[in-house]
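A structural walkthrough
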Amino acid sequence: MSNVEHYEYVFLGGGKGGKTLAMELAQAGKRVALIERGMIGGSCINVACIPTKTLIQNARVAHVRHAQSGDSTGEGPRTDMAQVVRNVRSVVNGMVDINLKAFLASGMNLVMGTGHFIAPRTLQVQLNDGGTRVIEGEHVFINTGTTAAVPDVPGLRDAQPLTHVEALQLETLPEHVIVIGGGYIGLEMAQAYRRLGSKVTVIQEAPRVAMREDEDVAEAIEAALAEEGIDVRTGVKPVKVTGRSGEGVTVELNNGAQVSGSHVLVAAGRTPVTHGLGLDAAGVERDARGFIKVDERLATSAANTWAIGEVAGSPMFTHASFDDYRVLKSQLAGGNRTTADRIVPYALFIEPELGRIGLNETDAKARGIAVRVAKIPMAMVPRARTNGATKGFMKVLVDAHSDQILGFTMLGTNAGDVVTAVQMAMLGKLPYTAVRDAIIAHPLISEGLNILLAKVPPRVDNL
Ligand SMILES: Cc1cc2nc3c(=O)[nH]c(=O)nc-3n(C[C@H](O)[C@H](O)[C@H](O)COP(=O)(O)OP(=O)(O)OC[C@H]3O[C@@H](n4cnc5c(N)ncnc54)[C@H](O)[C@@H]3O)c2cc1C
């Protein structure tokens, strides 16, 4: 066996939370090793958030140009996909480069290879350029993320479906993409490929898309996608797949229908990267779905061993992984920050954009929380009119007995940024009336908050 190298802090996988903590500890003069099997900077910048948002922006430009071209053939734009892929790669490469320089400048030991535990807090690494190293840490952090799940449908695996990884590398425009899954990743990919010029069918087993959202939100999303020519089928399940993605595939559905297309893309859930990590040797327990069991401090069942990000079951967003970094930084310094009660906002990058924070009507009902609800169409917001982006709405939930904002959902242009404004009010525990009466510059999209909050019904105890 190779000599055992000792570090104060060892990170297995360099996701958002882990790499941030690793760099900070190394900068502070600690002995730090980060083991990463390939994606410098983690999945967000290599295969997830950043390349998908670049693809979406390229698709938006193609869509607008096509709409302005006056083309009446009914065919979509003929996008130069090789150029789109180059654009995506160039953004990714730029960010990978920044990450690599920051890693090296921090003084950490970046170990490029695949690691697995051979004993508690001891990892063996199969180095990418050959050989092995054995690395032991006083504190060990697991930040290995998730990968796309391939549902157990006969023929699907043999069809070699695209995941988001391969879908970001297609240098020829696919003629017809069948997207399995109507969650956030599936919907973003569906609209992007439609706007680039492909035919797109979305197959969603649940009764509606974006199941985490209220029914009115999901209906508005389905309508917006249908208007762009995307065939959204809900409440149906693939039962058999024949053919091969890229050469032609047919998906049979449980209602007897068949959908044939050139490519099939799976966006139907995520699998934690825990298989093959030797977690038993580390004394690290997993839950029934394979995610690492952690407490509110992100501590695993093994001493001085922590988990970060998606593999720890944290919400599947980069900013949640980043918040895990804050929790661990606090814990290491003897502080008391935990993951309990944190409110994680998010955005879905389709058009109209979805932004959400806190409770929605479905959650409030399920939890028996009495709320006052106000909703306005985006058409009431002057800037939405100047932008020709009047689809969607804003909806706020205010506590029935106090003036605290409990949740906000927006489907419309700049939704994610407007959510941040609401989040600041929630963090500051401002009564909704403070935002209602705040002077907001005209004509900003967030001015809609003045209009929306003026419609909150009075408190029952004030009547
Ligand atoms: C298509 C797509 C789009 C997304 N868009 C958004 C978005 O717009 N906004 C948002 O907030 N979130 C988005 N997400 C989610 C976001 O990418 C993740 O939540 C985020 O990257 C945090 O991941 P993480 O920290 O858990 O680990 P990751 O970033 O996944 O990092 C895990 C790392 O561990 C490495 N690794 C795994 N096993 C080993 C091993 N045995 N040895 C060594 N290294 C290993 C991997 O190579 C990887 O680099 C998107 C996800 C997908 C799939």
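Please read all numbers here as calculations on a predicted model, not as lab measurements. (Residues numbered from 1 in each chain as written. Predicted model: local features only at pLDDT ≥ 70, side-chain atom pairs only at ≥ 80, totals over all residues.)

**What to know about the overall build of the protein chain**
Rule in force here: Secondary structure elements are taken from DSSP: a helix is a run of H or I of four residues or more, a strand is a run of E of two residues or more, and numbering for both begins at the N terminus. The globule rule is 2.2 Å times the number of residues to the power 0.38, and the radius of gyration it is compared with is taken over C-alpha atoms. We call a residue exposed when 12 or fewer other C-beta atoms sit within 10 Å of its C-beta, buried when the count reaches 20 or more, and partly exposed for counts in between; the C-beta positions come from the backbone. Two residues form a contact once the distance between their C-beta atoms, set from the backbone, is within 7 Å.
Looking only at helices and strands, the protein chain has 14 helices and 20 strands in total. In terms of overall size, the protein chain behaves like a compact globule, its C-alpha atoms giving a radius of gyration of 24 Å where 463 residues would be expected to give roughly 23 Å. For the protein chain, the spread of C-alpha atoms along the three principal axes comes to 65 × 60 × 40 Å. Scored against the burial criterion, the 463 residues of the protein chain give a buried share of 43%. Of the contacts made within the protein chain by residues no fewer than 6 positions apart, 64% connect residues no fewer than 24 positions apart.

**Overview of unusual backbone geometry**
The step from Glu-351 to Pro-352 runs through a cis peptide bond, and the omega angle for that step is 0°. In this structure, Pro-352 sits in the loop between strand E16 (346-348) and strand E17 (354-358). Look at Asn-304: it is not a glycine, yet its phi comes out positive at around 50°. Along the chain, the position of Asn-304 falls in the loop between helix H8 (279-282) and strand E15 (305-307). Even without glycine at this site, Lys-429 takes up a positive phi of about 55°. Along the chain, Lys-429 falls in the loop between helix H12 (415-427) and helix H13 (432-436).

**Considering the packing of helix H1 (residues 16-27) against helix H9 (residues 318-332)**
The condition that has to hold: Fitting a line to C-alpha atoms yields each axis, with helices limited to the stretch in contact; the angle taken between N-to-C directions then spans 0 to 180 degrees. The labels follow the angle: roughly parallel below 35 degrees, roughly antiparallel above 145, roughly perpendicular from 65 to 115, and oblique for the rest. Crossing handedness follows the turn of the near helix against the far one: under a right angle anticlockwise gives a left-handed crossing, and clockwise gives a right-handed one. When residue character is reported, Ala, Val, Leu, Ile, Met, Phe, Trp, Tyr, Cys and Pro are called nonpolar, Asp, Glu, Lys and Arg charged, and the others, Gly included, polar.
Where H1 contacts H9, the axes come no closer than 7 Å and their chain directions differ by 40°. Relative to H9, the element H1 lies oblique. Two packed elements cross with a definite hand, and for H1 against H9 that hand is right-handed. Here H1 contributes Lys-16, Gly-17, Thr-20 and Leu-21 to the contact with H9, which in turn contributes Thr-318, Ser-321, Phe-322, Asp-324, Tyr-325, Leu-328 and Lys-329. By residue class, the composition of the contact of H1 with H9 is 4 nonpolar, 4 polar and 3 charged.

**Describing the sheet that holds strand E10 (residues 238-244)**
Which entries qualify depends on this criterion: One bridge is not enough; two strands pair if DSSP finds at least two bridges between them.
As summarised here, the arrangement of the 3 strands in space is E10-E11-E12, forming an open sheet in which the pairing is antiparallel. Only two strands of the sheet have a single neighbouring strand rather than two, namely E10 and strand E12 (258-261). Between one strand and the next, the sheet's axes are offset by a mean angle of 15°, whatever the strand orientation. Summarising the sheet, strand E11 (residues 248-253) and E12 pair through 4 bridges and their orientation is antiparallel. Paired with Thr-250 across the bridge in E12 is Ser-260.

**Describing the pairing of strand E3 (residues 109-119)**
Looking at chain direction, strand E2 (residues 32-36) and E3 are connected through 4 bridges and run parallel. Bridge assignment links Leu-34 to a residue of E3, and that residue is Leu-110. Across 6 bridges, the pairing between E3 and strand E4 (residues 122-127) is antiparallel. From the neighbouring strand, His-116 faces E4, where its bridge partner is Gln-124.

**Quick look at the domain arrangement of the protein chain**
So the rule is basically this: Boundaries between domains were set according to an automatic or database domain assignment.
The domain architecture assigned to the protein chain consists of domain 1 (4-148 + 271-332), domain 2 (164-268) and domain 3 (352-462). Each of domain 1 and domain 3 has a C-alpha centre, and these two points are 33 Å apart.

**A word on the site of the ligand**
Selection criterion: Proximity of a residue to a molecule or strand is defined by its backbone-placed C-beta atom lying within 6 Å of that partner.
Around the ligand, a shell composed of 36 residues is seen, among which Gly-13, Gly-15, Gly-42, Gly-145 and Gly-309 lie nearest. Going through the elements one at a time, H1, E2, helix H2 (43-47), helix H3 (49-69), E3 and H9 are the ones with two or more residues in the shell around the ligand. Partitioning the shell around the ligand into residue classes produces 13 nonpolar, 18 polar and 5 charged.

**Digging into the sheet that holds strand E8 (residues 199-204)**
Taken in spatial order, the 4 strands line up as E9-E8-E7-E13 in an open sheet, and their pairing is parallel. Every interior strand has two partners, whereas the edge strands, strand E9 (231-234) and strand E13 (263-266), have only one. This sheet shows a mean twist of 15° between the axes of neighbouring strands, independent of strand direction. Bridge analysis of strand E7 (residues 176-180) against E8 gives 5 bridges, and the strand direction is parallel. Pairing of Ile-178 across the sheet is with Thr-201, part of E8. The strands touched by helix H6 (residues 184-196) are E7, E8 and E13; relative to E8, the strand with the most contacts, the crossing angle is about 165°.

**Some remarks on the packing of H3 against helix H4 (residues 81-106)**
Relative placement of two packed helices is described by the angle separating their axes and the distance separating the axes. At a minimum axis distance of 9 Å, the contact between H3 and H4 shows a crossing angle of 145°. Here H3 and H4 pass one another in a crossing that is right-handed. Facing Ile-50, Pro-51, Thr-54, Leu-55 and Asn-58 of H3, the residues of H4 in contact are Val-84, Asn-87, Val-88, Val-91, Val-92 and Met-95. Residues that form the contact of H3 with H4 fall into these classes: 8 nonpolar, 3 polar and no charged.

**Considerations on the nonpolar core**
Spelled out, the test is: To count as a nonpolar core, a set of buried Ala, Val, Leu, Ile, Met, Phe, Trp, Tyr and Cys residues must be joined through C-beta atoms within 7 Å.
One finds Val-179, Ile-180, Met-189, Ala-190, Ile-221, Val-264 and Leu-265 to be the most contacted residues of the largest nonpolar core, which totals 82 residues. In terms of residue count, H6 provides more of this core than any other element does, 8 residues in total. Dropping the residues within four chain positions of it, Val-264 is found in contact with Ala-159, Pro-161, Leu-162, Ile-178, Ile-180, Val-241, Ser-245, Val-249 and Val-251. Core analysis: the second largest hydrophobic core is formed by 41 residues, Ala-22, Leu-123, Leu-277 and Val-311 among them.

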